[in-house]
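The residues making up each chain are set out below.
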There are 2 protein chains.
Amino acid sequence: MMLRYFFLGAAGIAILSFLFAAWLYRFIKQLPASNETIASIGALIRDGANTFLKKEYFVLAKFAGAACLLIFLFLPTPVWRGSVINNLSMSLAYLAGTCISALAGKIGIFAATTANIKTAESAQTGIRNSFLAGFRGGAVMGLAVVGASLLGTVLVYAITRDGTALLGFSFGASSLALFAKAGGGIFTKTADISADLTGKVELGIPEDDPRNPAVIADNVGDNVGDVAGMGADLFDSHVASMAAALVLATALDASANRKINVIMVICYAALGLLSSLIGVGLARMNKNDNPTAALNFSTYVTTGIFCLLTAVATYLFDFEWRIWGASIIGLFVGVIIGIASDYFTNDLRKPVHLVAKASSAGPAFTILSGISYGFFSILPSMTGIAFSALIAYKLCEPLGSGYAMFGIAMAAVGMLSIVGMIISNDAYGPIVDNARGLAEMGNLGDDILRVTDELDSAGNTVKAVTKGFAIGAAGLTVIALLGAFLSEVNTAAAEHGLPGIDGFDIMNPSVFFGLLIGAAVPAIFSAMLMLGVDRNAQRMVDEIHRQFREIEGLSEGKPGVVPEYERCIEIATAGALRELVPAGLAAIAATIAVGFIGGVNAIGGFLTGNIVSGLLLALFMSNAGGLWDNAKKYIEAGAHGGKGSETHKAAVVGDTVGDPFKDTAGPSINTQITVVSLIASLLSVFFLLYSIF
Amino acid sequence: MMLRYFFLGAAGIAILSFLFAAWLYRFIKQLPASNETIASIGALIRDGANTFLKKEYFVLAKFAGAACLLIFLFLPTPVWRGSVINNLSMSLAYLAGTCISALAGKIGIFAATTANIKTAESAQTGIRNSFLAGFRGGAVMGLAVVGASLLGTVLVYAITRDGTALLGFSFGASSLALFAKAGGGIFTKTADISADLTGKVELGIPEDDPRNPAVIADNVGDNVGDVAGMGADLFDSHVASMAAALVLATALDASANRKINVIMVICYAALGLLSSLIGVGLARMNKNDNPTAALNFSTYVTTGIFCLLTAVATYLFDFEWRIWGASIIGLFVGVIIGIASDYFTNDLRKPVHLVAKASSAGPAFTILSGISYGFFSILPSMTGIAFSALIAYKLCEPLGSGYAMFGIAMAAVGMLSIVGMIISNDAYGPIVDNARGLAEMGNLGDDILRVTDELDSAGNTVKAVTKGFAIGAAGLTVIALLGAFLSEVNTAAAEHGLPGIDGFDIMNPSVFFGLLIGAAVPAIFSAMLMLGVDRNAQRMVDEIHRQFREIEGLSEGKPGVVPEYERCIEIATAGALRELVPAGLAAIAATIAVGFIGGVNAIGGFLTGNIVSGLLLALFMSNAGGLWDNAKKYIEAGAHGGKGSETHKAAVVGDTVGDPFKDTAGPSINTQITVVSLIASLLSVFFLLYSIF
């Protein structure tokens, strides 16, 4: 078997997915649009999102430039000691990772800010057309992102044939994702909370009312937070899972002088994208369908196709069936985590009803019960990840030394195989959310609003599922990265004539030291992001109050009077840019400090503590946030006194707390744990050679 | 050196502390009391607390009886295989642990429900006398509990000379503490939340107003939750720290055929109690002192005396100075954790002010900012524990194999050496809180209320500090218990001709599996307790509404009309008893399940995950709860609009959320991690022999 054919095949599938994404974009583009109000508001949203992205990327370019320089100087070995070519290729790989990640966000925004308008207008011709516009808008990003990550990974690996360079590529992707997710998350929740507080709570005007100066910023936020941010996040996890698997596969293949494991990783990743292509192509609402069912159906189809295609490939190319089993287990657990997240956040299920009921005793009980069910919600996911890692390991252990950890890495690859479909589903959410806002502001009438509301509600349910999935995928990936870190340490140790290490013993005090500090990091990181939202929202609320005070006729809704939407967008942008850097840098600085204090053992503990507490907090925050959001919606639909009741007010408090939980801190933790794992691997040689203890 | 002399010396100091406690009780008893209302309400509180304890102990006796039988049948080896004597002594040691723990709670309640009356009445003769009554009331329990734990530990060890029997004794103490802390915590917060919601919020009557049917239950709750529960908790940590150190010392001494390490443990523990005795004796308010300063001063005195006495002993008896260093580091870190908790919860500091300020934007911001600072607050404590464990280990490592872990155990012993003083400070809190209630209900007038308010405020500050201390102590103790577990596993392995294990490698999938599940347990445990409070408070609120509706003249305060206080006490009692068992059993069941699934490696990971996430959540919940409480008090003192403002209402929501955080779930996690660690050690042989993976 020639590895090169598989490179070409994977690249072919990636290009196919670009073509399909382009076709989908053309499909959306040709949909009719006639309402001028919608067009002009849509343009405002698009401009706001692009302005934010431009400013954000400008800040990040400085960071990436500095990191690129440092990488060139120091990685994989200090440039004055090793080869310039190696360092150059490492820094170029890093740069490629950041650029593709940025491009992915840009494409997502590009498609989403067209699709939102078309979804709103298509709603006039029925829910099935409207659904198709929303879903295909999301799929443009889904397919473009996953195509790019596959193509990028294959190219970097084909050129360098080196796992470490791939880690550099992956680090580029995830360092950008870290800041993009945090920045977008702060932007979106600043706008959302401020709009709700001043509009819904203080003035009693509906959501998306055009009088509210923050309403455009809120819609921009959906795009920059949920489209660009989530795209960057899943791009990062996808690359990291492939990188971890390829590092381990390269080591395994080198010792046996063959290439089958590398081929398997690339083949499976390519088949995952192919399955997503088919799944996306098949997604539509049939008669009597609801949109949630349509989204779920295409996810299950993708899953089934992946199982089938990989089984065929395993048979044809003589891959190990045990490793196939590990991948399928990973995929299966991803689905279980999704179902568990759905249970805890779906408004047809008990937890949402109980939190809604508890709200009748006041906001304190909304919070207490939401936190409690949020805590419960981590159990199925943590158990699922624990069992999948254990089973994948035990399944592949008989294949020989090193295969056990490779099994875990392939479980992560399996879980992330359907990521194209997942991103498409996820981006559907903010698009239909935007469409709802446009329908409201464009005065399309109650019938149309009912259609967009139904699409939006499906978006919320699916968002909780994809978030759980993203967290689980990051979890498995970083376990595999822990294996990659160990492998990097041992390679470095062999090069420097030092003894290697077998693992990280908890009874070693350096490991335990790292464990405790690593566990604290996600909490500190989340706290910094949440306080960022807090501070930023206070600034924006002040600005909204000012506008209502100073712009005559605004609060009464005098025709022709429009608020200064741009000011709110500017505040959200400036605040997000100011707040996004410290949290990410703190996590990176903690990793480096622990490495130089306690050495590679401390880092092993640090990564473990970081994974464990990161998973715990990310699952808790995402699910509790989703739960509060839907409890509020459940009450708004008429339960426990409905809109305007005291119970509803209590639920709104829960929702406001949940907003930065689920859309800022929770999902950013994924990226934080990936970034930290990659840094550790990249700097392993320094931690090995220079540490205090 | 004869070990026996040290046994006698330690027993002597324990008996001295009983005598001193008895003298303190006499001192309180002879203080004048004349107000009949206070006497009758005081009697109600005392009866309520005793009734609860009686019912709680009845439930726990059944549990303890069953556990005792199981221990007799299976531990240390199945009775049909090993020796009946060993199993009998193990089950008796367990029983002794439970009985002393129960007795400690009983004595605490006994002293506290006398001291509360005397503190209220002494306030009429000045704050200094009143302080002395409150502090000495708490010290009765402090000295009795620590005397009992020292005496019990020495007796069990002197009789059996066996570390495993000591683990049985410790398990008895902590299994009772687990349920006592959970039960008391549910009781107290049920009553507190219900009283606040119906009294302060709905009716606008002051705290401790005698019209409120829940007011007596609230005061009973302070006693059963904060006095009996906290006493049981620290008793348990103290015993566990000594047990872990003695298990390791016995193993070290056996290999060298000497007794110096065992002697050192006993000597240090005894000197800790002696230091606390002196510290308690010296505690008083001098002129111009405030009560917080007085409490802190005596803690620092105790710390200083302990350093001095142990240095003298180390010199005289030729102990290792490195181990002395480890103990002092533990003590020092305990103080740092206390200071950090104080910073995040003290109303003179920035976090409380910022949360109060955020509350002006509504309750959602109270919650978000409180959660954020709660997350921040874990950093100094986690870092402190991490560094102290690392330094203690490195300091003692040169002494030879096994000494490093012993160093960590001695750091825990050092930290807990001043526990007598800590419990005294802690029990002072609920006593002066009660005294404030009695002064209000006994109509002693505003001047007296000002005195009791000042004492109460000091109690709140000190409570946060002691809670942080208790969590830190449990953290270090369970790290040492992890060492004890490893030692037990290897002993068992040697007996069964199996290979021993060196440690727990994170890269071993069984360890990682355990790690993830272990980390989930404290979250689930907390959620169950919080939902227990939630459900129970809803029942009690219904009852209070019924009384206000049905008892004529109650809400208007018609003279002679009294509410049915007993009904509320009964509801709190019944609910607490119903809710306390499932959470504890779930934690125990998870341990056993993981042990039989993944074996000793999985348990090593499980304990580690449990410690890490337990510390994280316990610190977060305790500190966030204290922060919200004091932010509310800070606003009540006049900031941001003061009492009755919207800001105040938002702060009350924070306080209500914080109540079960800081007084139910947070501090119960300590005990949960200790219980789980002890069970793991006790069942190690079964996990070694019978497991699936």
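Preceding this section is the structure that the text describes.
Definitions and cut-offs
Residues numbered from 1 in each chain as written. Chains lettered and ligands numbered in written order. Predicted model: local features only at pLDDT ≥ 70, side-chain atom pairs only at ≥ 80, totals over all residues. Heavy atoms only, no water. Helix = DSSP H or I, 4+ residues; strand = E, 2+ residues; numbered from the N terminus. Rg over C-alpha atoms; globule rule 2.2 N^0.38 Å. Buried < 20%, exposed > 50% of the residue type's maximum accessible area, 1.4 Å probe, protein only. Contact = heavy atoms within 4.5 Å. Areas by Shrake-Rupley, 256 points an atom, 1.4 Å probe, with all protein chains shown as cover. Axes fitted to C-alpha atoms, helices over the stretch in contact; angles between N-to-C directions. Parallel < 35°, antiparallel > 145°, perpendicular 65-115°, else oblique. Left-handed = near helix turned anticlockwise from the far one by under 90°. Nonpolar A, V, L, I, M, F, W, Y, C, P; charged D, E, K, R; others polar. Least-squares fit on C-alpha atoms with pLDDT ≥ 70 in both. Salt bridge = Lys/Arg side-chain N within 4 Å of Asp/Glu carboxyl O. Polar contact = N/O pair within 3.5 Å; in protein donor to acceptor, adjacent residues only side chain to side chain. Phe/Tyr/Trp six-rings, centres within 6.5 Å; stacked < 30°, edge-to-face > 60°. Lys NZ or Arg CZ within 6 Å of the ring centre and 35° of its normal. Core = buried A, V, L, I, M, F, W, Y, C linked by side-chain atoms within 4.5 Å. Buried area = accessible area lost by both parts, 1.4 Å probe. Disulfide = S-S within 2.5 Å. Patch = residues over 30% accessible without salt bridge, like charges linked within 9 Å, V, L, I, M, F, W, Y side chains within 5 Å. Expected span 1.5 Å × (residues − 1).

Some details on the overall build of chain A
For step 1, the next point in the chain: Per the secondary structure count, chain A includes 18 helices and 0 strands.
For step 2, the next point in the chain: Radius of gyration (C-alpha) of chain A: 24 Å, near the 26 Å computed for a compact globule of 693 residues.
For step 3, the next point in the chain: Expressed as lengths along the three principal axes of its C-alpha atoms, the size of chain A is roughly 80 × 50 × 45 Å.
For step 4, the next point in the chain: Burial analysis of chain A (693 residues in total) assigns 68% to the buried set.
For step 5, the next point in the chain: Pairs at least 24 apart in sequence give 84% of the contacts found in chain A among residues at least 6 apart.
For step 6, the next point in the chain: Of the roughly 21,300 Å² of accessible surface on chain A, a fraction of 63% belongs to carbon and sulfur atoms.

Section: the packing of helix 1 (residues 3-29) of chain A against helix 7 (residues 260-282) of chain A
Residues and elements named next belong to chain A.
For step 1, the next point in the chain: Closest axis-to-axis distance for the helix 1/helix 7 pair is 9 Å, and the angle between their directions is 20°. With respect to helix 7, the element helix 1 is oriented roughly parallel. Helix-helix and strand crossings are classified by hand; for helix 1 and helix 7 the assignment is left-handed. Residues Leu3, Phe6, Phe7, Ala10, Ile13, Ala14, Leu16, Ser17, Phe20 and Leu24 of helix 1 touch helix 7, and the partners they reach there are Val262, Ile263, Ile266, Cys267, Ala270, Leu273, Leu274, Leu277, Val280 and Gly281.
For step 2, the next point in the chain: Split by residue class, the contact of helix 1 with helix 7 holds 18 nonpolar, 2 polar and no charged.

Things to note about the relation of the copies chain B and chain A
For step 1, the next point in the chain: It takes a turn of 180° to lay chain B on chain A, together with a shift of 0.0 Å along the axis; the resulting RMSD is 0.0 Å. On the angle and the small slide along the axis, the relation comes out as a two-fold axis. Within chain B, B:Asp505 has its C-alpha nearest the rotation axis, a separation of 2.1 Å.
For step 2, the next point in the chain: Most of the interface of chain B is mirrored in chain A, where 100% of its interface residues again form contacts.

Some thoughts on the pattern of salt bridges
For step 1, the next point in the chain: Across all of its chains, the model carries 44 salt bridges over all chains by this definition.
For step 2, the next point in the chain: Linking B:Lys632 and B:Asp655 is a salt bridge whose minimum nitrogen-to-oxygen distance equals 2.9 Å. With B:Lys632 in helix 16 (residues 565-636) and B:Asp655 in helix 17 (residues 646-682), this residue pair connects regions lying 23 residues apart in the sequence.
For step 3, the next point in the chain: We classify B:Lys632 as buried; its relative accessible area is 5%.
For step 4, the next point in the chain: One salt-bridge network, held together by shared partners, links A:Lys189, A:Asp192, A:Lys467, A:Asp629, A:Lys633, A:Asp659, A:Lys662 and A:Asp663.

Section: the environment of B:Asn261
Residues and elements named next belong to chain B.
For step 1, the next point in the chain: Tracing the backbone shows asparagine 261 in helix 7 (residues 260-282).
For step 2, the next point in the chain: Classification of asparagine 261 by relative accessible area gives buried; the value is 3%.
For step 3, the next point in the chain: In contact with asparagine 261, other than residues within four places in its own chain, are Ala249, Leu252, Asp253, Ile323, Tyr403 and Phe406.
For step 4, the next point in the chain: In this structure the side chain of asparagine 261 is engaged in a polar contact, spanning 2.9 Å, whose partner is the side chain of tyrosine 403.

Here's the deal with the packing of aromatic side chains
The geometry of an aromatic ring pair comes down to the distance between the two centres and the angle between the two planes.
All names here are of chain A.
For step 1, the next point in the chain: Applying the stated criterion to the full structure yields 50 aromatic pairs over all chains.
For step 2, the next point in the chain: The rings of Phe6, Tyr268, Phe306, Phe317 and Phe319 are connected pair by pair, giving a single aromatic cluster.
For step 3, the next point in the chain: Over the aromatic face of phenylalanine 27 sits the side chain of arginine 136, whose NZ or CZ is 4.6 Å from the ring centroid.

What to know about the environment of B:Asp318
All names here are of chain B.
For step 1, the next point in the chain: One can find aspartate 318 in the loop between helix 8 (291-317) and helix 9 (321-345).
For step 2, the next point in the chain: The exposed category is assigned to aspartate 318, whose relative accessible area is 61%.
For step 3, the next point in the chain: Taking the C-alpha atoms as reference points, aspartate 318 and glycine 185, separated by 133 residues in sequence, lie 45 Å from one another.
For step 4, the next point in the chain: Residue contacts for aspartate 318: discarding those within four places in its chain leaves Ile260 and Ala313.

With respect to the nonpolar core
For step 1, the next point in the chain: Of all hydrophobic cores here, the largest spans 526 residues; its most connected members are A:Phe406, A:Phe661, B:Phe406 and B:Phe661.
For step 2, the next point in the chain: For B:Phe661, the residues in contact, after removing those within four places along its chain, are A:Leu368, A:Ile371, B:Met530, B:Phe620, B:Met621, B:Ser622, B:Ala624, B:Gly625, B:Trp628, B:Gly666 and B:Pro667.

Looking at unusual backbone geometry
For step 1, the next point in the chain: With a phi close to 50°, A:Arg161 is a non-glycine residue in the positive phi region.
For step 2, the next point in the chain: Its place among the elements puts A:Arg161 in the loop between helix 4 (127-160) and helix 5 (163-203).
For step 3, the next point in the chain: Judged by relative accessible area, A:Arg161 falls into the partly exposed class, the value being 41%.
For step 4, the next point in the chain: Of note, B:His640 is a non-glycine position whose phi angle comes to about 50°, a positive value.

Regarding the interface of chain B and chain A
For step 1, the next point in the chain: Opposite the 73 residues of chain B that make contact, chain A presents 73 residues.
For step 2, the next point in the chain: Taken over both partners, the interface formed by chain B and chain A buries close to 6,400 Å², and the fraction arising from carbon and sulfur atoms is 87%.
For step 3, the next point in the chain: Elements represented by at least two residues in the side of chain B that touches chain A include exactly helix 5 (163-203), helix 10 (350-358), helix 11 (363-396), helix 14 (446-495), helix 15 (509-550), helix 16 and helix 17 of chain B.
For step 4, the next point in the chain: For the side of chain B that touches chain A, the element with the highest residue contribution is helix 11 of chain B, accounting for 21 residues.
For step 5, the next point in the chain: Split into classes, the residues belonging to the side of chain B that touches chain A amount to 55 nonpolar, 13 polar and 5 charged.

Brief notes about the state of the cysteines
Residue and element names in this part refer to chain B.
For step 1, the next point in the chain: Inspection of every chain in the model, using the stated rule, returns 0 disulfides over all chains.
For step 2, the next point in the chain: Here cysteine 68 stays free of any disulfide, with the sulfur of cysteine 99 as its closest cysteine sulfur at 8.9 Å.
For step 3, the next point in the chain: The class of cysteine 68 is buried, set by a relative accessible area of 15%.
For step 4, the next point in the chain: Cysteine 99 gets classed as partly exposed once you look at its relative accessible area, which sits at 47%.

Regarding a nonpolar patch on the surface
Residues and elements named next belong to chain A.
For step 1, the next point in the chain: A cluster of nonpolar residues, Leu308, Val312, Tyr315, Leu316 and Trp321, forms a patch on the protein surface that exposes about 590 Å² of accessible area.
For step 2, the next point in the chain: Considering each element in turn, the nonpolar patch owes the most residues, 4 residues, to helix 8 (residues 291-317).
For step 3, the next point in the chain: You can see tyrosine 315 is positioned in helix 8.

Re helix 15 (residues 509-550) of chain A
All names here are of chain A.
For step 1, the next point in the chain: Here helix 15 is 42 residues long and its end C-alpha atoms lie 62 Å apart, about the 62 Å a rise of 1.5 Å per residue gives.
For step 2, the next point in the chain: Counted residue by residue, helix 15 has 33 buried out of 42 residues, so it is predominantly covered.
For step 3, the next point in the chain: For helix 15, the side-chain oxygen to backbone nitrogen distance between the N-cap and serine 510 is 2.9 Å, and the N-cap itself is asparagine 508.

Describing the side chain of B:Asp659
Residues and elements named next belong to chain B.
For step 1, the next point in the chain: Mapping aspartate 659 onto the fold places it in helix 17.
For step 2, the next point in the chain: Within polar-contact distance, the side chain of aspartate 659 engages the side chain of lysine 189 at 3.5 Å.
For step 3, the next point in the chain: Of note is the side chain of aspartate 659, whose polar atom sits 3.0 Å from the side chain of lysine 662.
For step 4, the next point in the chain: Those residues in contact with aspartate 659 that sit more than four places away from it in its chain are Lys189, Asp192, Ile193 and Thr664.

Some thoughts on the packing of helix 3 (residues 84-122) of chain A against helix 5 of chain A
Residues and elements named next belong to chain A.
For step 1, the next point in the chain: Two numbers describe how helix 3 lies on helix 5: the axes approach to 7 Å, and their chain directions differ by 35°. As for the relative orientation of helix 3 and helix 5, their crossing is right-handed in sense. Residues Met90, Ala93, Tyr94, Ala96, Gly97, Thr98, Ile100, Ser101 and Ala102 of helix 3 form the contact with helix 5, whose participating residues are Thr164, Ala165, Gly168, Phe169, Phe171, Gly172, Ala173, Ser175, Leu176 and Ala177.
For step 2, the next point in the chain: Its residues assigned to classes, the contact of helix 3 with helix 5 comprises 12 nonpolar, 7 polar and no charged.

Let's talk about the environment of B:Gly598
Residue and element names in this part refer to chain B.
For step 1, the next point in the chain: By secondary structure assignment, the location of glycine 598 is in helix 16.
For step 2, the next point in the chain: Overall, the relative accessible area of 4% leaves glycine 598 in the buried class.
For step 3, the next point in the chain: When near neighbours in sequence (up to four residues on either side) are disregarded, glycine 598 contacts Ser510, Ser691 and Phe693.

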